[in-house]
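# A look at the structure
Spelled out from the first residue to the last, the chains are:
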Amino acid sequence: MRKPIIAGNWKMNNTASEGVALVNAIAPLVKDANCDVVVCVPAIDIPAVSEALKGTNIGLGAENVHFAEKGAYTGEISAAMLLEYGVQYVIIGHSERRQYFGETDETVNKRTLTALKAGLTPIVCVGESLEERETGKTEAVLEKQIKEGLAGVEDLTKVVIAYEPVWAIGTGKTATAAQANETIGFIRKTLGEMFCPGCAAATRIQYGGSMNAGNCKELMAMEEIDGGLIGGASLKANDFATIVNFDK
Ligand code: PGA
């Protein structure tokens, strides 16, 4: 049985004090959750949010991590810096980082291996663009992202995958539950070939892209979907809590 994992991705939203107010509002609403609950927050919010999350069932995630242990990488943040504040998860290879910050499958791979070595749980994002979907390239694109992004991973079950079709992110256009289920099924099959079917069956794969309080039940009811990576709807306490409590 795969335990569902619902993670908020705040992106570049919420100052530290706004973040603290948001998690203070979320915490009582999700305290009886049956799934893993995570908020992935801007790096500078981490110290304050980490403090605010003490005594709650909400895990803390970062939105990126550098692959080097330390050194001359101006502006970057290392795994050790995250760990010192109790960070447990880190989003890697989000499509916005691929699109705006030159993230490639190779750097995704380096970051993923670094995160795993440090004991962080990487949430590795994959997904096709609208053009790729419309020209029938979805499977090829995902296969490349997975094979290159996860090369050299020893224990796949320590990774969370987020399937996020780029055309569904922040657009209000969700993949249909059937579409998301089918594509995640393909991802799991690919993981099974690359690692082993048992490992793939034990690995959690989230859906992300305009998942919200209204569509979460239908998406979460699908067999292959093990959770959500939530952008916009994670910025509102009630909406995020409704998603976390999808099974109630
Ligand atoms: P969205 O973002 O929920 O606002 O579409 C999801 C994501 O980018 O992780």
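Up top is the structure these notes are about.
Summarised in this report is the structure supplied together with it. (Residues numbered from 1 in each chain as written. Predicted model: local features only at pLDDT ≥ 70, side-chain atom pairs only at ≥ 80, totals over all residues. Heavy atoms only, no water.)

### Here's the deal with the overall build of the protein
Which entries qualify depends on this criterion: Where helices and strands are cited, they refer to DSSP runs of H or I of at least four residues and of E of at least two residues respectively, numbered from the N terminus. Here the radius of gyration uses the C-alpha set of atoms, whereas the globule reference equals 2.2 Å times the residue count to the power 0.38. Burial classes follow relative accessibility: with a 1.4 Å probe on protein chains only, a residue under 20% of its type's maximum area counts as buried, one over 50% as exposed, and anything between as partly exposed. The contact definition used throughout considers only heavy atoms, calling two residues in contact when any of these lie within 4.5 Å. Here, Shrake-Rupley sampling with a 1.4 Å probe gives the accessible areas, and only protein chains in the shown set may cover a residue. Charged residues are defined here as Lys and Arg on the positive side and Asp and Glu on the negative side; His and the ends of the chain fall outside this count. Think of each charge as sitting on NZ of Lys, CZ of Arg, CG of Asp or CD of Glu.
Counting its regular elements, the protein contains 11 helices and 8 strands. For the protein, whose C-alpha radius of gyration is 17 Å, the value lies close to the compact-globule estimate of 18 Å for 248 residues. Out of the 248 residues belonging to the protein, those deemed buried represent 52%. Residue pairs in contact within the protein that sit at least 24 positions apart in sequence constitute 73% of those at least 6 positions apart. When the accessible surface of the protein is totalled, it reaches about 11,100 Å², and 53% of it is carbon and sulfur. Separation between the mean location of the 23 positive side-chain charges and that of the 31 negative ones in the protein comes to 2 Å.

### Re the state of the cysteines
We apply this condition: The definition used for a disulfide is geometric: two cysteine sulfur atoms within 2.5 Å.
Using the criterion set out here, one finds 1 disulfide in the structure. With a sulfur-sulfur separation of 2.1 Å, C196 is cross-linked through a disulfide to C199. Looking down the S-S bond of the C196 and C199 bridge, the torsion is 95°, so its handedness is right-handed. A relative accessible area of 22% places C199 in the partly exposed class. C35 takes part in no disulfide bond, and the closest cysteine sulfur, belonging to C216, lies 10 Å away.

### Some words on helix α8 (residues 177-194)
At 3.6 residues per turn, the α-helix brings residues three or four places apart onto the same side. Here is the rule we go by: Here the expected span of a helix is defined as 1.5 Å times the quantity of residues minus one.
A rise of 1.5 Å per residue sets the reference length of α8, with its 18 residues, at 26 Å; its end C-alpha atoms lie 25 Å apart and thus fit the reference within 8%. Listed as buried for α8 are A177, A180, N181, T183, I184, G185, F186, I187, R188, T190, L191 and G192.

### With respect to unusual backbone geometry
Located in the positive-phi region is K11, a residue other than glycine, with phi close to 55°. When you line up the elements, K11 lands in the loop between β1 (5-9) and α1 (16-30). Positive phi is not limited to glycine here, since N14 has a value of about 80°. Relative accessible area serves as the criterion here: at 21%, N14 is assigned to the partly exposed category.

### Considering the packing of helix α5 (residues 105-118) against helix α7 (residues 138-149)
Applied cut-off: Lines fitted to C-alpha atoms define the axes here, with helix axes fitted over just the stretch in contact, and angles between the N-to-C directions of these axes take values from 0 to 180 degrees. Any angle from 65 to 115 degrees is called roughly perpendicular, while one under 35 is roughly parallel, one over 145 is roughly antiparallel, and all others are oblique. The handedness criterion is simple: a crossing whose near helix is rotated anticlockwise from the far helix by less than a right angle is left-handed, and one whose near helix is rotated clockwise is right-handed.
Look at α5 against α7: their axes get within 8 Å of each other, and the N-to-C directions meet at 40°. Accordingly, the angle class assigned to the pair α5 and α7 is oblique. In this structure, α5 crosses over α7, and the sense of that crossing is right-handed. The segment α5 lies against α7, with D105, V108, N109 and T112 engaging K144, Q145, E148 and G149.

### Concerning the site of the ligand
We count it as follows: Being near a molecule or strand, for a residue, comes down to having at least one heavy atom within 4 Å of it. Throughout this description, a polar contact denotes any pair of N or O atoms lying within 3.5 Å of each other; where both atoms belong to protein, one of them has to be capable of donating a hydrogen while the other can accept it, and for residues adjacent in sequence the pair is counted only when both atoms sit in side chains. As a working rule, the residues Ala, Val, Leu, Ile, Met, Phe, Trp, Tyr, Cys and Pro are called nonpolar, Asp, Glu, Lys and Arg charged, and the rest polar, with Gly in that last group.
With respect to spatial proximity, 13 residues lie near the ligand, and among them K11, H94, E164, G170 and S210 are the closest. In this structure, an oxygen atom belonging to the ligand sits 2.6 Å away from a side-chain N or O atom of H94. Within the backbone of S210, an N or O atom sits 2.7 Å from an oxygen atom of the ligand. Burial of the ligand by the protein amounts to 95% of the accessible area it has alone, namely 280 Å². Here the shell around the ligand is composed, by residue class, of 4 nonpolar, 7 polar and 2 charged.

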